[in-house]
Amino acid sequence: ATKIVLASRPKGMPTAANFRFEDFEIPSLNEGELLLQPLYISVDPYMRGRMNDAKSYVPPYEVNEPISGGIVAKVLESKSEHIDNGDTVLGMLPWCNYIITHEKMVKKLDDNGVPPSYYLGILGMPGLTAYFGLMDICKPKAGETVVVSGAAGAVGTIVGQIAKIQGCNVIGIAGSDEKASMLKDDFGYDQVINYKTTTDMGQAIAEAATNGVDIYFDNVGGDITDAVIVNINFHARIALCGQISLYNETGVSNGPRILPMILTRSALIKGFIVSDYQERFGEAYQQLGTWVKEGKLVYTETIVEGFEKLPDAFLGLFSGQNQGKMLVKI
Ligand code: NDP
């Protein structure tokens with residue numbers, strides 16, 4: 001079998017050379033263990049942080065050890081009393097084309113007609129992130145204007161739709177005209193700004209948000225965020241979800257210069273990690289599942305095929321290769 005290990009820690013933008021493929025023998029199973037074949041492996045921006053040797057809310061990957069992350073897999077062989085051959089399971093698991101793990105490391109997925117990949121997206125970590133960041137921190141009210149950066153990604157496509165369900169006016173920011181059309185045609189966004197072809201983002205946001213910005217769901221940080229924040233209204237709420245535009249920066253940047261805006265607009269800005277809400281995950285699964293069933297939430301994925309494509313798919317997140325959730329199908 002084959003595993004993908006962290007070959008070296010990136011400086012700045014990661015490359016394929018930071019990953020290495022290694023063969024290994026599949027050992028025989030001990031009591032309680034499972035042999036799994038991955039169906040879908042998730043690639044996520046937070047993994048970039050784990051490639052650094054820095055303390056964060058998740059421990060760093062170790063050099064020469066496998067990369068790991070969200071995976072849905074089929075059980076090929078089971079020494080568990082609770083999980084059978086043929087079951088589908090979800091877990092934070094190593095990047096291997098055959099995985100040995102203990103039953104305690106996975107959750108069995110119900111056979112309820114939901115495509116298993118959804119548990120890595122709309123009914124998984126990105127869905128929960130969109131739900132709690134918007135509903136708990138931003139508390140949207142009908143008629144308010146919501147701006148979402150990174151709008152065409154896994155989290156952003158869901159945030160915009162939940163904001164529409166709440167009756168808001170929703171403006172997205174994304175990196176191509178194709179993404180802008182998709183967000184308007186398929187995801188209900190009222191307006192979308194392509195930040196790659198816009199020279200003055202502050203002005204573009206002012207023109208789109210004629211009544212100002214009440215809520216900002218930030219997935220990207222940096223210059224885009226500065227441009228949104230100069231347009232916020234009194235009592236605006238800002239959820240700091242991600243800062244992907246800064247993940248590959250090497251120097252320490254000064255700033256932000258936008259804090260006076262937070263003060264003078266009596267605004268709220270709050271960072272969060274989805275696991276802060278662990279005790280309320282049930283509520284979000286219930287609500288997201290209902291909206292999906294009712295057709296109020298639609299969902300899209302960019303699926304790259306082949307285990308060997310994992311590093312490329314991950315790297316593609318930093319150049320906007322995905323629309324919706326980026327996944328690798330094995
Ligand atoms: P996405 O599916 O949104 O993929 C990343 C997208 O980011 C790309 O498609 C690209 O789209 C955009 N992007 C990449 N580089 C830049 C840049 N320099 N400037 C602006 N946009 C850029 O990822 P997710 O939806 O999974 O995650 C979105 C954000 O949310 C990330 O920052 C992530 O770290 C964060 N996150 C936070 C969580 C939490 O618990 N707080 C949980 C999950 C995610 P484009 O073409 O538009 O540039």
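Residues numbered from 1 in each chain as written. Predicted model: local features only at pLDDT ≥ 70, side-chain atom pairs only at ≥ 80, totals over all residues.

1. As for the overall build of the chain
Logical step 1: Along the chain, the regular secondary structure elements total 9 helices and 15 strands.
Logical step 2: For the chain, the C-alpha radius of gyration of 20 Å lies close to 20 Å, the compact-globule estimate for 330 residues.
Logical step 3: Taken over 330 residues, the chain has a buried fraction of 42%.
Logical step 4: In the chain, of all internal contacts separated by at least 6 residues, the share reaching a separation of at least 24 is 65%. (Helix = DSSP H or I, 4+ residues; strand = E, 2+ residues; numbered from the N terminus. Rg over C-alpha atoms; globule rule 2.2 N^0.38 Å. Buried ≥ 20, exposed ≤ 12 C-beta atoms within 10 Å, placed from the backbone. Contact = placed C-beta atoms within 7 Å.)

2. With respect to the domain arrangement of the chain
Logical step 1: By the assigned domains, the chain splits into domain 1 (2-121 + 299-329) and domain 2 (125-275).
Logical step 2: Centre-to-centre, using C-alpha coordinates, domain 1 lies 29 Å away from domain 2.
Logical step 3: Taken together, the contacts link 16 residues of domain 1 with 17 residues of domain 2.
Logical step 4: Across the side of domain 1 that touches domain 2, the residue classes break down as 4 nonpolar, 9 polar and 3 charged. (Domains from an automatic or database assignment. Nonpolar A, V, L, I, M, F, W, Y, C, P; charged D, E, K, R; others polar.)

3. Comments concerning the sheet that holds strand S10 (residues 191-194)
Whether parallel or antiparallel, the strands of a sheet pair through hydrogen bonds between backbone atoms.
Logical step 1: The 6 strands are arranged S10-S9-S8-S11-S12-S13 in an open sheet whose pairing can be described as parallel. Each having just a single partner strand, S10 and strand S13 (268-271) make up the two edges of the open sheet. Sheet twist, expressed as the mean angle between neighbouring strand axes with direction ignored, is 15°.
Logical step 2: Where strand S8 (residues 145-149) and strand S11 (residues 213-218) come together, 3 bridges link them in parallel fashion. Bridge pairing links Val-148 to Phe-217 in S11. (Pairing = 2+ DSSP bridges. Axes fitted to C-alpha atoms, helices over the stretch in contact; angles between N-to-C directions.)

4. Remarks on the nonpolar core
Logical step 1: Membership of the largest hydrophobic core comes to 93 residues, with the highest contact counts inside it found for Leu-134, Val-147, Val-159, Leu-183, Val-213, Tyr-216 and Phe-217.
Logical step 2: Residues from two domains meet in this core; each of domain 1 (2-121 + 299-329) and domain 2 (125-275) gives at least three.
Logical step 3: Non-local contacts of Leu-134, meaning those with residues more than four positions away in its chain, are made with Pro-140, Val-159, Ile-162, Ala-163, Phe-217 and Ala-239. (Core = buried A, V, L, I, M, F, W, Y, C linked by C-beta atoms within 7 Å.)

5. Re the packing of helix H2 (residues 125-138) against helix H8 (residues 281-293)
Logical step 1: Put simply, H2 and H8 touch, their axes get as near as 10 Å, and they point 100° apart. The pairing of H2 with H8 is recorded here as roughly perpendicular in orientation. Residues Gly-127, Leu-128, Tyr-131 and Phe-132 of H2 pack against Phe-281, Ala-284, Gln-287 and Leu-288 of H8.
Logical step 2: Considered class by class, the residues forming the contact of H2 with H8 number 6 nonpolar, 2 polar and no charged. (Parallel < 35°, antiparallel > 145°, perpendicular 65-115°, else oblique.)

6. Points about the environment of Trp-95
Logical step 1: Relative to the assigned elements, Trp-95 resides in the loop between strand S5 (88-94) and strand S6 (99-102).
Logical step 2: Apart from the residues within four sequence positions on either side, Trp-95 is in contact with Lys-3, Ile-4, Ile-41, Pro-66, Ile-67, Ser-68 and Leu-310.

7. Focus: the site of the ligand
Logical step 1: The ligand sits among 32 residues. The nearest are Gly-153, Gly-175, Gly-242, Ser-245 and Gly-320.
Logical step 2: At the level of secondary structure, the elements contributing two or more residues to the shell around the ligand comprise H2 and helix H3 (154-165).
Logical step 3: The residue inventory of the shell around the ligand, partitioned by class, reads 18 nonpolar, 12 polar and 2 charged.
Logical step 4: No fewer than three residues from each of domain 1 (2-121 + 299-329) and domain 2 (125-275) sit in the shell around the ligand. (Near = placed C-beta within 6 Å.)

8. A closer look at the packing of H2 against H3
Describing two packed helices takes the angle between their axes plus the distance from one axis to the other.
Logical step 1: Across the interface, H2 lies against H3 with an axial gap of 8 Å and an inter-helix angle of 45°. Regarding the angle of H2 to H3, the classification is oblique. Crossing handedness for the pair H2 and H3: right-handed. On the side of H2, the interface is formed by Pro-126, Gly-127, Thr-129, Ala-130, Tyr-131 and Leu-134, while H3 contributes Ala-154, Val-155, Ile-158, Val-159, Ile-162 and Ala-163.
Logical step 2: Classifying every residue of the contact of H2 with H3 gives 10 nonpolar, 2 polar and no charged. (Left-handed = near helix turned anticlockwise from the far one by under 90°.)

9. So, the confidence of the model for the chain
Logical step 1: With 99% of its residues at a pLDDT of 70 or more, the chain has an overall mean of 96.
Logical step 2: Predicted as a complex, the structure gets a pTM of 0.97 and an ipTM equal to 0.99. (pLDDT = per-residue confidence, 0-100.)

10. Things to note about unusual backbone geometry
Logical step 1: One non-glycine residue, Asn-64, adopts positive backbone phi at about 75°.
Logical step 2: Summarising the element assignment, Asn-64 is placed in the loop between helix H1 (46-50) and strand S4 (68-78).
Logical step 3: A residue is classified by how many C-beta atoms lie within 10 Å of it, and Asn-64, with 11 of them, is exposed.
Logical step 4: Positive phi, close to 45°, is recorded for Lys-139, a residue that is not glycine.

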